[in-house]
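Each chain is listed here by its residues.
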Amino acid sequence: MKELRQMSRRTVIYPTMICNLKCPFCYYRFLQNKIHVPFEMMKVKIDTFEDYYIEAVDITGGEPTVYPHLKELVSYCKEKGLTVTVITNATQYQLVKDLADIGLDEFLISIHGTPKVHERMVDAKVWNRVEMFLNECKEYNIPYRINCVVTKVNLPYLKETAKFYLTLEAPIVNFIVFNPHPGTLWSDKINVEFQERYSLVAKGIKEAIDILNKDIWVNVRYIPMCTMKGYEHHVTNFLQNIYEPFEWECLSQYKITKEKVKELASKLKNEVFGTNDLEIVMNYYRRRDIERNIWTKKCLSCSNRFICDGLYPQYLKRYGDKEFEPYTDEIKLDPIYYRKKDTRWLG
């Protein structure tokens, strides 16, 4: 098992923004410049990873399985000693054997519900191909985890979805609450038809966790902790996910190399929580990713305010903050205060 405070050693690369599906909720739905990145450019980027605390890489997009140089890319990452995951919609089942032969470590597969619900979510008749992909994973011994974006469309079916997940072989499921994050092309769209209130989403996710919890670990991403009371140890927002071995570190995006970490830690140790140099620096820079979020007067009275991401501006403008109930116990500074209570998320 990974150490609790080792911090993420995983990063992400985007070799293509082209996709073979048009999921209505996709964060890149409105992106205009969708291209394949030249393989040589991807190699140059990968070569820089040795300067950072990076031991694993997620290959995503777009849809990475439509990238014409995916096999070469995975092979090059493996040559560099990296653990490699491909994040995929699992429609290109014919690639699984070749990727297994190259040494791909795992897939992270988008399955947004039972077969019928999944097809509604992605607006395409794809389940036969997804099922074949899962069968190929089993045949060639490639493990996979599951991502499920939660919207108003699949929310009513989360209990059925949870029961369906029990028939699959994934050790971890990530329920990702749809949010128009600042900086994404959704952030200026106030009335998103498939967006739902956090309190209603939380109710459905809690019911799913109750079904899955014995056999499958559930992470819940991007939802205020106060809507998940009693289930906070499943919540992993921006301030928590940098501790996860399966989530992305944040220092390479700011060009904070291994050499710079020790130098910066001594300067930042009184500004943020941390028990070691890497934790201090990573916590400091992770907070930059939520600096455009909003903490209302109610949020600022909450004892979890220092370990919470606050509210996304679009959400606050659309729904307000009436549904949120501040915590009134002791002030918490450790982002994984709740996550420490059950460490199955470490793998």
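You'll find the structure just up there.
Quantities reported herein were computed from a predicted structural model and do not represent experimental measurements. (Residues numbered from 1 in each chain as written. Predicted model: local features only at pLDDT ≥ 70, side-chain atom pairs only at ≥ 80, totals over all residues. Heavy atoms only, no water.)

Enquirer: Even after reading the chapter, I still don't get the nonpolar core, so can you show me in this structure?
Expert: A general feature of soluble globular proteins is that nonpolar side chains tend to end up buried together. If you look at the biggest cluster of nonpolar residues, it comprises 90 residues, and the most contacted ones within it are Phe107, Tyr165, Phe175 and Ile205. Top contributing element to this core by residue count: helix α7 (residues 198-212), with seven residues. Residues in contact with Ile205, not counting those within four places in the same chain, are Val150, Leu158, Phe175, Val177, Val220 and Met228. Ranked by size, the runner-up nonpolar core spans 22 residues in total, among them Trp217, Val272, Ile336 and Trp345. (Core = buried A, V, L, I, M, F, W, Y, C linked by side-chain atoms within 4.5 Å. Buried < 20%, exposed > 50% of the residue type's maximum accessible area, 1.4 Å probe, protein only. Helix = DSSP H or I, 4+ residues; strand = E, 2+ residues; numbered from the N terminus. Contact = heavy atoms within 4.5 Å.)

Enquirer: Looking at this structure, how should I read the sheet that holds strand β7 (residues 217-221)?
Expert: Neighbouring strands of a sheet are bound in pairs by backbone hydrogen bonds; such pairs are parallel or else antiparallel. With respect to topology, seven strands assemble into an open sheet ordered β1-β2-β3-β4-β5-β6-β7, the strand pairing being parallel. The open sheet has two edge strands with one neighbour each: β1 (10-13) and β7. Taken pair by pair, the neighbouring strands of this sheet meet at an average axis angle of 20°, ignoring direction. Relative to β7, strand β6 (residues 172-177) runs parallel, the two being bridged by five bridges. By the bridge assignment, Ile172 is partnered in β7 with Trp217. Contacts between helix α2 (residues 70-79) and the sheet are confined to β1, β2 (56-59) and β3 (83-88), with β3 contributing the most and set at about 150° to the helix. On top of the sheet, α7 reaches β5 (144-150), β6 and β7; it is set at about 175° to β6, its chief contact. (Pairing = 2+ DSSP bridges. Axes fitted to C-alpha atoms, helices over the stretch in contact; angles between N-to-C directions.)

Enquirer: How do you make sense of a nonpolar patch on the surface when you look at a structure like this?
Expert: Together, Phe306, Ile331 and Leu333 make up an exposed nonpolar region whose accessible area comes to about 270 Å². Assignment of secondary structure puts Leu333 in the segment after α12 (313-319). (Patch = residues over 30% accessible without salt bridge, like charges linked within 9 Å, V, L, I, M, F, W, Y side chains within 5 Å. Areas by Shrake-Rupley, 256 points an atom, 1.4 Å probe, with all protein chains shown as cover. Salt bridge = Lys/Arg side-chain N within 4 Å of Asp/Glu carboxyl O.)

Enquirer: How should I be thinking about the pattern of salt bridges in this particular structure?
Expert: Within this structure, the stated rule accounts for 24 salt bridges. Among the salt bridges present, the one from Glu279 reaches Arg5, with a minimum N-O distance of 2.7 Å. Separated by 274 residues along the polypeptide, Glu279 in helix α10 (residues 277-286) and Arg5 in the segment before β1 bring together distant segments of the chain. Across this residue pair, the class does not change: Glu279 and Arg5 are buried. In this structure, the salt-bridge partner of Lys125 is Glu119, at a minimum N-O distance of 3.7 Å. According to the relative accessible area criterion, Glu119 is buried, its value standing at 17%. Overlapping salt bridges bring together Arg5, Glu279, Asp334 and Lys340 as one network.

Enquirer: Even after reading the chapter, I still don't get the packing of helix α9 (residues 258-268) against α10, so can you show me in this structure?
Expert: Two packed helices can be described by the angle between their axes and the distance between those axes. Remark: α9 packs on α10, axes separated minimally by 8 Å, with the N-to-C direction vectors making an angle of 75°. With respect to α10, the element α9 is oriented roughly perpendicular. Side by side, α9 and α10 meet where Val261, Lys262, Leu264, Ala265 and Leu268 of the first sit next to Asp277, Leu278, Ile280, Val281, Tyr284 and Tyr285 of the second. Looking at the contact of α9 with α10 residue by residue, the classes come out as nine nonpolar, no polar and two charged. (Parallel < 35°, antiparallel > 145°, perpendicular 65-115°, else oblique. Nonpolar A, V, L, I, M, F, W, Y, C, P; charged D, E, K, R; others polar.)

Enquirer: What exactly am I supposed to notice about the side chain of Asp334 here?
Expert: Mapped onto the secondary structure, Asp334 falls in the segment after α12. Residue classification places Asp334 among the buried residues on the basis of a relative accessible area of 7%. Of note is the side chain of Asp334, whose polar atom sits 3.2 Å from the side chain of Lys340. Each residue touching Asp334, except ones within four places of it in the same chain, is listed here: Arg5, Tyr243, Phe273, Ile307 and Lys340. (Polar contact = N/O pair within 3.5 Å; in protein donor to acceptor, adjacent residues only side chain to side chain.)

Enquirer: What's the story with the environment of Ile242 in this structure? I'm lost.
Expert: On the secondary structure map, Ile242 appears in the loop between α8 (238-241) and α9. Along the chain, Ile242 and Arg5 lie 237 residues apart, while their C-alpha atoms are 9.6 Å from each other. Look past the residues within four positions of Ile242 in its chain and what remains in contact with it is Met7, Ser8, Trp248, Cys250, Met282, Asn283 and Arg286.

Note that all results are geometric; they support no functional claim without further evidence.
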